[in-house]
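Remarks on the overall topology
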Amino acid sequence: RKKVKGPTVVSMSLGGKCRDQDGNEGPGTKYCAFETHYARAIRDLRDIGVLTAIAAGNNGEDACEMAPGASRDAVTVGATNINDRITFFSDYGNCVDVMAPGENVAGAASSRE
């Protein structure tokens, strides 16, 4: 595989409860971290030199039970509020690598320039 040229980052905010190949919920942290389609895609990106940052999730649950939140080949980011405390909705746990502002964050809008 060819490596990307120069620094490259993919930022993703997607996913949900981890499910196995048969659609059963909660197959375990190891499966969520390494075997889901998300985990494989993130590993492929890593292998060609792309840093992948992913939202931990917005369910207020253990990120290790979420896909792609459990992926160990990405930087998993949880959400904090203005008081630098975890938000009520942010996923949490050992699979979260870093916390960052994630509540009431101003963003660009296409209707205003």
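The subject of this paragraph is the pairing of strand 3 (residues 50-55). Two strands pair when backbone bridges link them, and strand 1 (residues 8-12) and strand 3 are joined in this way by five bridges, in the parallel orientation. The residue bridging Val10 from the neighbouring strand is Thr52, located in strand 3. Strand direction decides the pairing type here: strand 3 and strand 5 (residues 75-80), joined by three bridges, are parallel. If you follow Ala53 over to strand 5, its bridge partner there is Val75.

It is worth spelling out the pattern of salt bridges at this point. Scanning the model with the defined rule gives five salt bridges in all. A salt bridge links Arg40 to Glu35, with the shortest nitrogen-to-oxygen separation between them at 3.8 Å. Arg40 sits in the partly exposed class, given a relative accessible area of 33%. For Arg46, the salt bridge is made with Asp73, and the minimal N-O distance between the two is 2.5 Å. With Arg46 in helix 2 (residues 37-47) and Asp73 in the loop between strand 4 (66-67) and strand 5, this pair connects stretches of sequence that are 27 residues apart. Residue Arg46 is classed as partly exposed on the basis of its relative accessible area, which comes to 37%. Since its relative accessible area comes to 19%, Asp73 is described here as buried.

Take the environment of Gly15 next. Within the fold, Gly15 resides in the loop between strand 1 and strand 2 (16-17). With 94 residues separating them in the primary sequence, Gly15 and Ala109 have C-alpha atoms 24 Å apart. Once residues within four sequence positions are removed from consideration, Gly15 is found in contact with Tyr38, Ala67 and Pro68.

What follows deals with the environment of Val9. Within the element layout of this structure, Val9 appears in strand 1. A relative accessible area of 56% means that Val9 is categorised as exposed. For the pair Val9 and Asn83, spaced 74 residues apart in sequence, the C-alpha to C-alpha distance is 28 Å. Those residues within four positions of Val9 in sequence are excluded, and the remaining contacts are Val50 and Leu51.

Further remarks concern the state of the cysteines. Within this structure, the stated rule accounts for one disulfide. One disulfide in the model links Cys64 with Cys95; its S-S distance is 2.0 Å. On the sign convention where negative is left-handed, the bridge of Cys64 and Cys95, at about 110° about the S-S bond, is right-handed. With Cys64 in the loop between strand 3 and strand 4 and Cys95 in the loop between strand 5 and strand 6 (98-101), this residue pair connects regions lying 31 residues apart in the sequence. The class of Cys64 is buried, set by a relative accessible area of 6%. When its relative accessible area of 3% is taken as the criterion, Cys95 is described as buried.

Calculation notes
- Residues numbered from 1 in each chain as written.
- Predicted model: local features only at pLDDT ≥ 70, side-chain atom pairs only at ≥ 80, totals over all residues.
- Heavy atoms only, no water.
- Pairing = 2+ DSSP bridges.
- Helix = DSSP H or I, 4+ residues; strand = E, 2+ residues; numbered from the N terminus.
- Salt bridge = Lys/Arg side-chain N within 4 Å of Asp/Glu carboxyl O.
- Buried < 20%, exposed > 50% of the residue type's maximum accessible area, 1.4 Å probe, protein only.
- Contact = heavy atoms within 4.5 Å.
- Disulfide = S-S within 2.5 Å.

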